[in-house]
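As a plain string of letters, each chain reads:
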Amino acid sequence: MNAIVALCHFCELHGPRTLFCTEVLHSPLPQGASSGDIAGQNEQAEEEEGGIQMSSRIRSHSPAEGASADSSSPGPKKSDMCEGCRSLAGGHPGFVSHDKETSIKYVSHQHPNHPQLFSIVRQACVRSLSCEVCPGREGPIFFGDEQHGFVFSHTFFIKDSLARGFQRWYSIITIMMDRIYLINSWPFLLGKIRGIINELQGKALKVFEAEQYGCPQRAQRMNTAFTPFLHQRNGNAARSLTSLTNDENLWACLHTSFAWLLKACGSRLTEKLLEGAPTEDTLVQMEKLADLKEESEGWDGSEEEEKPSSQPDVVEGQELSKCSPETSLMPDCSSWNVAHRRLSVFRSLRHMRQVLGASAFRMLAWHVLMGNQVIWKARDMDLVQSAFDVLRTMLPVGCVRIIPYSDQYEEAYRCNFLGLSPHVQIPSHILSSEFAVLVEVRSATRSSLYPTLFDDEQSLNKYEFVVTSGSPVAADRVGPTILNKIEAALTNQNLSVDVVDQCLVCLKEEWMNKVKVLFKFTKVDSRPKEDTQKLLSILGAAEEDNVKLLKFWMTGLSKTYKSHLMSTVRSPTSSESRN
């Protein structure tokens, strides 16, 4: 996270001052670090925690601590600082932590070296301890602007037996230029910074109670009530935070806390690129997940009460012992799947086209795109499942209804992809129907039918595939436009399988957009047939096959989209605009 975390103090002698700050550096070294510091890194004592490597000798001496530097360097002069205004002693090099994962450095010192950063931190410090304060002067607050950055500030008190009112005023501030990010990080920063504050207050309270027990200051001050206050304190007005907490390693601990705070706050929020509204496939998948969730909640517990313990578990009508495709990921079938997944499977549409042949694949793909029932008869369930997994990529998610494997024929209204065992009898009217296609997987008469395509582990050479239909697609038939484009992509050997998959996504999205236009035009607006024909010509889908495809794909539109259009039509404003 590109931010600065700083600890600030309101000094009774010098006003608001920055005590300690930690910043994020993406450059190899902070500004002003000499090359001699790099050589000394190997001699440094290092400490690792949470992937961050910590070192205490890395940077040149800060001008604020009295090192030799230009007179124009930021930071107050040494003469303008008291013990309460100073964190690191003169000559202390500061702290730095290396994040090995991101090559980012978290550098801590009293003031930023960069003049512009020093000015921003200084202004935030003054505002956090003067005008930008919560009621009661203790608590979180947000302020800032585009020019000087946005600040999350949390003010608090530290007990001090020698201070006016027995307490001193501090604040921890987080400065960023990204207002939205800082606001979204408010709950996280509030919880973690409060933890740091509670720890500091707890340590200071122990020291305060010990000092009060040894030498009560309240009674002593009452006896010297008429003595000038600054004179009576005898120079003890300024006490360092390490003295108030009795912790010599205080600044090292604060550096660790601030560095972790910056890293953790930067890691908890990530940006995602949204390329537009969700696609129809995404909406349909979300609706199916919601339906499954409702169904599972309704059946939760009821099956366990009714089902005898002696019966095998059943998932969607398939016993686990048979290891149906729906349960292929269940642990009980893992050994069965490992052995059978080595059998023949289709890897892609291009792979299927090579196996079936160009003409048979075109017939099969035509029926798939038209919404006709696709029936596969085979003994190997994995082969059938892989074929359906490949073929379904040509259709929108809402148009896919699969029964992976069944011992009886199922009507077309229940599924458009049906897997059957070889002994199942298919009705004769289905075999002769133009709205169905049958793929029979038989044992090949020659063992080397496809010797050049496949290896031993995934050999399909032991099968031959017979594709039949009551309405075979003529070779000279133009077919739907999307089918021609799919075949062109599959035959182009310069396109990899991944590129072909992306082409399919783009083609489906293109034609689903045409489906949406046609749905609104015909179902919502109820335009006449003449206007519909003109629209189809404009969409480039006036051919018979394209019209059939659009009507079938219209069934795959999401309920969300349909209800949105219907609600828009019913609204008074939309009806007035049409009139």
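In the block above lies the structure referred to throughout.
Residues numbered from 1 in each chain as written. Predicted model: local features only at pLDDT ≥ 70, side-chain atom pairs only at ≥ 80, totals over all residues. Heavy atoms only, no water.

A. Layout of the overall build of the chain. Summing up its helical and strand segments, the chain has 21 helices and 16 strands in all. Taking all 579 residues of the chain together, 46% fall into the buried category. Here the chain displays about 31000 Å² of accessible surface, and carbon together with sulfur accounts for 52% of that area. (Helix = DSSP H or I, 4+ residues; strand = E, 2+ residues; numbered from the N terminus. Buried < 20%, exposed > 50% of the residue type's maximum accessible area, 1.4 Å probe, protein only. Areas by Shrake-Rupley, 256 points an atom, 1.4 Å probe, with all protein chains shown as cover.)

B. Spatial organisation of the nonpolar core. Core analysis: the largest hydrophobic core is formed by 63 residues, its most contacted members being Phe-346, Met-352, Trp-376, Leu-391, Phe-465 and Trp-553. Not counting chain neighbours up to four residues away, the residues in contact with Trp-553 comprise Leu-369, Met-394, Leu-395, Pro-396, Cys-399, Ile-482, Lys-508, Trp-511, Met-512 and Val-515. Core analysis: the second largest hydrophobic core is formed by 39 residues, Ala-3, Val-24, Ile-193 and Leu-244 among them. (Core = buried A, V, L, I, M, F, W, Y, C linked by side-chain atoms within 4.5 Å. Contact = heavy atoms within 4.5 Å.)

C. The side chain of Ser-240, seen in detail. As for its placement among the helices and strands, Ser-240 is situated in the loop between α6 (229-232) and α7 (241-245). Those residues in contact with Ser-240 that lie beyond four places of it in its chain are Glu-83 and Gly-84.

D. Molecular detail of the packing of aromatic side chains. Under the criterion given, the structure shown has 15 aromatic pairs. Judged by centre distance (6.3 Å) and plane angle (40°), the rings of Phe-20 and Phe-258 are tilted. Of the two residues, Phe-20 is situated in strand β2 (residues 15-25) and Phe-258 in helix α8 (residues 250-268); the sequence distance between them amounts to 238 residues. Summarising the burial analysis for this pair, Phe-20 and Phe-258 share the class buried. Ring geometry for Phe-346 versus Phe-465: centroids 5.7 Å apart, planes at 55°, classification tilted. Here Phe-346, found in the loop between α11 (334-340) and α12 (349-356), pairs with Phe-465, found in strand β16 (residues 463-469); they are 119 residues apart in sequence, far enough to count as distant. There is no split in this pair, since Phe-346 and Phe-465 are both buried. Through pairs of rings, three or more aromatic residues link up here, namely Phe-20, Phe-95, Trp-251 and Phe-258. Here the guanidinium or amino end of Arg-137 rests over the ring plane of Trp-169, the centre of that ring lying 3.9 Å away. (Phe/Tyr/Trp six-rings, centres within 6.5 Å; stacked < 30°, edge-to-face > 60°. Lys NZ or Arg CZ within 6 Å of the ring centre and 35° of its normal.)

E. Geometry of the environment of Cys-399. Relative to the helices and strands, Cys-399 resides in the loop between α14 (381-391) and β13 (402-406). Accessibility expressed as a relative area gives 0% for Cys-399, which makes it buried. Measuring from C-alpha to C-alpha, the distance between Cys-399 and Trp-553 comes to 6.4 Å, with 154 residues separating the pair along the chain. The residues contacting Cys-399, other than those within four sequence positions of it, are Asn-416, Phe-552, Trp-553, Thr-555 and Gly-556.

F. Highlighting a negative patch on the surface. The grouping of Asp-291, Glu-294, Glu-295 and Glu-297 at the surface amounts to a negative patch. Residue position: Glu-295 is located in helix α9 (residues 280-299). (Patch = residues over 30% accessible without salt bridge, like charges linked within 9 Å, V, L, I, M, F, W, Y side chains within 5 Å. Salt bridge = Lys/Arg side-chain N within 4 Å of Asp/Glu carboxyl O. Lys, Arg positive; Asp, Glu negative; His and termini not counted. Charge placed at Lys NZ, Arg CZ, Asp CG, Glu CD.)

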